[in-house]
Amino acid sequence: MAEQTAPPVIREATKADSAVVRDALGVGIAVGLSGFAFGVTSAGSGLSLLQTCALSLLVFTGASQFALVGALAAGGNPFTAAAGAFFLGTRNAFYGLRLSQLLALPRSVRPFAAQWVIDETAAVALAQPTRRAARIGFTVTGLTLYVLWNLTTFLGALGAEAIGDTKAWGLDAAGPAVFLALLAPMLKTATERYTAGLAVVLGLGLLPVLPAGVPVLAAALAAPAVLWLRGRRLAGGPGTAETGAADTGVTEAGAVGTGAAESPASRKEEDR
């Protein structure tokens, strides 16, 4: 009598709320501290305390803020600096398209949540297994980072002379380091790793020749490029059909060979 086995029970992946809050707080605190670097850099570029704090309160996207004050500190035109910061910040619009589906927030809340759509909140939210966990991660990361970023911006602008060179403290690298730490575990397939690698090559290669913010947008072209190459390979590029036919031939030959080897044995069983 054949043994009957119960069908496997498929459980949805879950994550404790406390674990989500812990991870979100870690990201918010680590990146929020880099607001010191922005405050010091902004004050050094000639912006007043009020202007520096207004950038963090209203813009609230670190890369764009650094691009703006960096261009101003280098003597760039304010309009050119603002354009570069704008281009760099457009990536948040793509985050918003994905997060709007994932979080499914009420319409009355979306305008306020849009202010927190940045690299870190998107990375934390997208890394969660459920919608509830994604909402918690997004909210805790956004709230922690917004409060701490603005506080450290204010303190950094006030104590610019006392802090000195922010590169010596490593604060300017805190944001990118945390973002890479969040991104690395999400690159699980070869396609995702190839896309990330090509994006890095495009971004770094175009950095010396394009205005600030444009290399980041150009790096986004890595995704359609890798997907196009993958689709072409799966559809059967040059040599693929022959290889597939060869593989099929080997398989069929093996099957025929096996059948020929087993045929005498089968006839013996029939004779018995």
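Just above, that's the structure.
Notes on the structure in this doc start here. It should be emphasised that the depicted structure is a prediction, and the values quoted were computed from it without experimental measurement.

Analysis parameters
- In this numbering scheme, every chain counts its residues from 1 along its sequence in written order.
- Restriction of local features to residues with pLDDT of at least 70 applies here, the model being predicted, together with a cutoff of 80 or more for giving and counting side-chain atom pairs; totals for whole chains, interfaces and linings are based on all residues.
- Only hydrogens and water are set aside; all other atoms, that is, all heavy atoms of the structure, feed into the side-chain values.
- Each Phe, Tyr or Trp ring, with Trp reduced to its six-membered ring, pairs with another whose centre is within 6.5 Å; inter-plane angles below 30 degrees give stacked pairs, above 60 give edge-to-face pairs, and intermediate values give tilted ones.
- Only DSSP runs of H or I covering at least 4 residues are called helices, and only runs of E covering at least 2 are called strands; the numbering of each starts at the N terminus.
- Buried residues are those whose accessible area, probed at 1.4 Å on protein chains only, stays under 20% of the maximum for their type, while exposed residues exceed 50% and partly exposed ones sit between those limits.
- Remark: nonpolar core denotes a set of buried residues (Ala, Val, Leu, Ile, Met, Phe, Trp, Tyr, Cys) joined through side-chain atoms within 4.5 Å.
- Contact definition: two residues touch when any of their heavy atoms are within 4.5 Å.
- In this description, one arc is meant: the one made by directions from the helix axis to the C-beta atoms.

Side note on the packing of aromatic side chains
A full pass over the atoms with the stated rule returns 5 aromatic pairs. Here F38 and F66 contribute two aromatic rings whose centre-to-centre distance is 5.7 Å and whose plane-to-plane angle is 85 degrees, an arrangement assigned as edge-to-face. One end of the pair, F38, is in helix α2 (residues 35-44); the other, F66, is in helix α4 (residues 62-73), with 28 residues separating them in the sequence. Owing to a relative accessible area of 0%, F38 belongs among the buried residues under this scheme.

Section: the nonpolar core
Counting residues in hydrophobic clusters, the biggest one holds 30 residues, and the most contacted among them are L55, F60, L99, L103, A125, F138 and L145. Secondary-structure elements contributing two or more residues to this core are α1 (17-32), α4, α5 (78-89), α6 (91-103), α8 (119-126) and α9 (131-158). If you tally residues by element for this core, the top one is α9, at 7 residues. Here L145 is in contact with G28, V31, G32, F60, I118 and E120, once residues within four sequence places are set aside.

Things to note about helix α3 (residues 49-59)
In an α-helix, one turn spans 3.6 residues; hence positions three or four apart end up facing the same way. Residues of α3 that are buried: T52, C53, L55 and S56. Along the axis of α3, the buried residues cluster in a sector spanning 150 degrees; they form a single face. Of the exposed residues in α3, those oriented more than 90 degrees away from the buried face are L50 and L58. Tucked inside the fold, the buried residues of α3 contact α2, α4 and α9.

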